[in-house]
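# Tertiary structure, described
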Amino acid sequence: MSDNVKIHESWKAVLSQEFEQPYFAHIKDSLLDDRSNGIKIYPPGSLIFNAFNSTPFDKVKVVILGQDPYHGPGQAMGLSFSVPKNIPKPASLRNVYKELNSDLGIPIATHGDLTKWARQGVFLLNSILTVRHKSPGSHKGIGWHQFTDAVIKKLSLEKEGLIFLLWGNYAKSKKSLINELKHHVLESVHPSPLAGNAFLGNKHFSKTNEILKKAGEDPIDWNLTN
């Protein structure tokens, strides 16, 4: 892991014990091995913990779980489902936008950058935080799942009233880490076109805002066009 890795102080405090675990040393060694062998890794080092920098621990209101980063050049930016503004929108994100339009009437954004959501408390967490070039799932065995499982457990234990959006079977498999007596869990199929149009109609965006408003919290402004 490179020296330019950044992670927000609030998360450093909450996760300090995880960074000392043997599995985390193994993650760092695995990334360094890949780099020393000339293997391209996404996202770049400074963005590996972008979700943690964009949404401090005390600001988290909603959690959207992804699996692992996009594996093409320039796509991965450390936020689940998100791509930088100059990169074409992946198919899954296009379906997310279709649902947003159907659910709330929000115009479909021309870009795929979800940073605006993250800054409002939507924690865009991938289960695996790195991937090799053009090799999906290539870092699923290096220990990231232990780290992100610990993150989900910390959120469940130390916060209340979070809304977890679990899209697809992989995300749903993390439900056992969440205390449903104190948090809200909304589930649906994955937005991938491989699921057909089954993602459409889940109304997760309006449901999330209804829950937030009932709790006296500001709703999320999901509109990415302004």
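Residues numbered from 1 in each chain as written. Predicted model: local features only at pLDDT ≥ 70, side-chain atom pairs only at ≥ 80, totals over all residues. Heavy atoms only, no water.

Considering all chains together, one arrives at 20 aromatic pairs under this definition. Taking 4.8 Å as the distance between ring centres and 75° as the angle between the ring planes, the aromatic pair formed by F205 and W222 counts as edge-to-face. Note that F205 is positioned in helix α9 (residues 204-214) and W222 in the segment after α9, a separation of 17 residues in sequence. Across this residue pair, the class does not change: F205 and W222 are buried. One aromatic cluster is present, built from ring pairs that chain together W11, F19, Y23, F24, F49, F52, F57, F123, W144 and F147. The ring of F57 carries the charged tip of K159 above its face, separated from the ring centre by 5.2 Å. (Phe/Tyr/Trp six-rings, centres within 6.5 Å; stacked < 30°, edge-to-face > 60°. Helix = DSSP H or I, 4+ residues; strand = E, 2+ residues; numbered from the N terminus. Buried < 20%, exposed > 50% of the residue type's maximum accessible area, 1.4 Å probe, protein only. Lys NZ or Arg CZ within 6 Å of the ring centre and 35° of its normal.)

Now for the pairing of strand β5 (residues 163-167). Counting buried residues in β5 gives five out of five residues, a clear majority hidden from the surface. Side chains of β5 alternate between two faces, with I163, L165 and W167 and F164 and L166 buried alike. Pairing of strand β2 (residues 62-66) with β5, which is carried by three bridges, proceeds in the parallel orientation. Along β5, the bridge assignment pairs V63 with F164. (Pairing = 2+ DSSP bridges.)

This part is about the side chain of D113. Summarising the element assignment, D113 is placed in the loop between α5 (91-104) and α6 (115-118). In this structure, D113 is in contact with M77, S82, V83, P84, K85, Y97 and L224, ignoring residues within four places of it in sequence. (Contact = heavy atoms within 4.5 Å.)

Turning to the pattern of salt bridges, a few remarks are in order. In the structure shown here, the tally under the stated rule is seven salt bridges. Here D113 ties to K85 by a salt bridge, and the two come within 3.8 Å at their closest N and O atoms. One end of the pair, D113, is in the loop between α5 and α6; the other, K85, is in the loop between β2 and α5, with 28 residues separating them in the sequence. Overall, D113 belongs to the buried group, its relative accessible area being 12%. By relative accessible area, K85 is classed as exposed at 56%. (Salt bridge = Lys/Arg side-chain N within 4 Å of Asp/Glu carboxyl O.)

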